[in-house]
Amino acid sequence: MEQYTQIGNVRIKKTAVLAPMASVSDTAYRLLNKEFGASLVYSEMVSAKAVTYMDKKTFELCKILPQERPFALQLFGSEPQTVALAAKLCMQFSPDIIDINMGCPVPKVAGNGCGSALMKNPHLAAKIICACKESVDIPITAKIRAGWDDNSINAVEMAQALEAAGVDAIAVHGRTKTQMYSGKSDINIIKSVKQAVSVPVIGNGDVKCAQDCIDMYSKTGCDLVMVARGSYGNPWIFRSIDFIADGKDFSEPTLEERLETMLYHFSKIIEFKGEAKGMHEARKHAAWYITGEAGAAKFRARCYTLSSYNEAKALADEYLKYIKSHCSYKEGYCE
Ligand SMILES: Cc1cc2nc3c(=O)[nH]c(=O)nc-3n(C[C@H](O)[C@H](O)[C@H](O)COP(=O)(O)O)c2cc1C
């Protein structure tokens, strides 16, 4: 039987959600992963200050298509009134949820008191949630880390402060700020947060396959699982999780399917960004789609020179031909 998690009035299938990822989870990425089964998608992080300046580029990041729903729009900021005003201004895009970034470690964000810097100040973080709750009528969620560093693990204290302020759900990435994206995400921290609060908890960190997702649910008791880098060149992660939840058989995609999906993804990027800018951004995705495939090293470097859809198609055809003539692909053996 299908299971759901309720965040405020938003019902989300208890499979996996696509994480916010700046410069990655744009409209094309979200639509693709949604088609493959992501049960909730987040915008890239958006500067609350830039929203209040009515910055045109920033507003572009806030646009939502009907097929993306349910949709969480993520803001970062450090001043409660600015974030609350930004949340109100963002209502013109009708997000289903507003999420506040309390985990970003990059100096441009944390150095200005935003993102993971809020882990050092749960009181201020709670004030931001309070101000947003007063400002808009939709669920307000937060995405936090384990803590600032190994000596200041405070996700539980932070989560309790946010709950008292009225937060509707909390996503927990089990790494500290100083870990950035390296080392391991600590699943026990997510479990401790789940045991300490009664709002839904979203477990995040190192979910790379369906089994990792199942483990995240069973080891932490969390209400939803969030996938970030595990979706790189791999929207099938959502399909496999979704199929398993529905008791259906999932089979891994063939190389042909991977390359077809890559080209489909590129056509979507081009639809929203135009061919020149779109293909520039598509290069990293191309490399991700063939990571781990037999004989990929030879082709990866060429991904970073792609400048048109036709070049990508030609590279995909050439790669497939190469694999068929050089490799016993079925056995994962090459040359
Ligand atoms: C390229 C990149 C961009 C990211 N941008 C954001 C962001 O805008 N907002 C946010 O809350 N987290 C952001 N994150 C963090 C992810 O959402 C996630 O918490 C982190 O990658 C851990 O999950 P994973 O182990 O599944 O990758 C970003 C991560 C990456 C790799």
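The rules behind these values
Residues numbered from 1 in each chain as written. Predicted model: local features only at pLDDT ≥ 70, side-chain atom pairs only at ≥ 80, totals over all residues. Heavy atoms only, no water. Buried < 20%, exposed > 50% of the residue type's maximum accessible area, 1.4 Å probe, protein only. Helix = DSSP H or I, 4+ residues; strand = E, 2+ residues; numbered from the N terminus. Pairing = 2+ DSSP bridges. Right-handed = clockwise from strand over helix to strand, strands pointing away. 1 Å grid on protein atoms, 1.4 Å probe; cavity = no way out; pocket = protein on both sides within 12 Å on 5 of 7 lines; lining within 4 Å. Points joined across faces, edges and corners; volume = space filled by probe spheres on them. Nonpolar A, V, L, I, M, F, W, Y, C, P; charged D, E, K, R; others polar. Near = heavy atom within 4 Å. Polar contact = N/O pair within 3.5 Å; in protein donor to acceptor, adjacent residues only side chain to side chain. Areas by Shrake-Rupley, 256 points an atom, 1.4 Å probe, with all protein chains shown as cover. Domains from an automatic or database assignment. Contact = heavy atoms within 4.5 Å. Buried area = accessible area lost by both parts, 1.4 Å probe. Salt bridge = Lys/Arg side-chain N within 4 Å of Asp/Glu carboxyl O.

In this section: the pairing of strand β8 (residues 140-147). For β8, the tally of buried residues reaches 8 of 8 residues, placing the bulk of the element in the interior. Bridging between β8 and strand β9 (residues 169-176) involves 6 bridges; their strand directions are parallel. Across the sheet, Thr 141 pairs through a bridge with Ala 169, a residue of β9. In this view, the connection linking β8 to its parallel neighbour β9 by way of helix α7 (residues 155-164) has right-handed handedness.

In this section: empty space enclosed by the protein. Summed over the entire model, instances satisfying the criterion amount to 2 cavities of 30 Å³ or more. Of the volumes computed, that of the largest cavity is approximately 70 Å³. If you go around the largest cavity, the residues you meet are Leu 259, Met 262, Ala 286, Ile 290, Phe 299, Cys 303, Leu 306, Leu 315, Ala 316 and Tyr 319. Elements supplying a minimum of two residues to the lining of the largest cavity: α11 (255-273), α12 (275-290), α13 (297-303) and α14 (309-326). For the lining of the largest cavity, the leading source of residues is α14, giving 3 residues. A breakdown of the residues in the lining of the largest cavity according to their chemical character gives 10 nonpolar, no polar and no charged. If you trace the second largest cavity, you find it lined by Ser 23, Val 24, Asp 26, Ile 269, Lys 273, Glu 281, Lys 284 and His 285. Of all elements in the fold, only α11 and α12 reach the threshold of two or more residues within the lining of the second largest cavity. Ranked by the residues each element gives to the lining of the second largest cavity, the list is headed by α12, at 3 residues. In terms of residue class, the lining of the second largest cavity is made up of 2 nonpolar, 2 polar and 4 charged.

Neighbouring the ligand are 18 residues; Ala 22, Gln 74, Asn 204, Asp 206 and Arg 229 lie closest to it. Ala 22 is positioned such that a nitrogen or oxygen atom in its backbone is 2.8 Å from a nitrogen atom of the ligand. Taking Ala 228, its main chain carries an N or O atom lying 3.1 Å from an oxygen atom of the ligand. Relative to its unbound accessible surface of 610 Å², the ligand loses 91% to contact with the protein. For the shell around the ligand, the class distribution of residues is 9 nonpolar, 5 polar and 4 charged.

Along its sequence, the protein is organised into domain 1 (4-245) and domain 2 (255-334). Computed over C-alpha atoms only, the centres of domain 1 and domain 2 are separated by 30 Å. Facing 16 residues of domain 1, the contacting portion of domain 2 comprises 14 residues. Buried surface at the junction of domain 1 and domain 2, summed over both partners, amounts to about 1300 Å²; 70% is from carbon and sulfur atoms. The salt bridge involving Lys 268 is made with Glu 35; its shortest N-O contact spans 3.7 Å. The tally of links between domain 1 and domain 2 comes to 3 residue pairs in polar contact (both at pLDDT 80 or more). It is helix α1 (residues 27-35) that contributes the most residues to the side of domain 1 that touches domain 2, 6 residues altogether. Along the lines of polarity and charge, the residues of the side of domain 1 that touches domain 2 split into 10 nonpolar, 4 polar and 2 charged.

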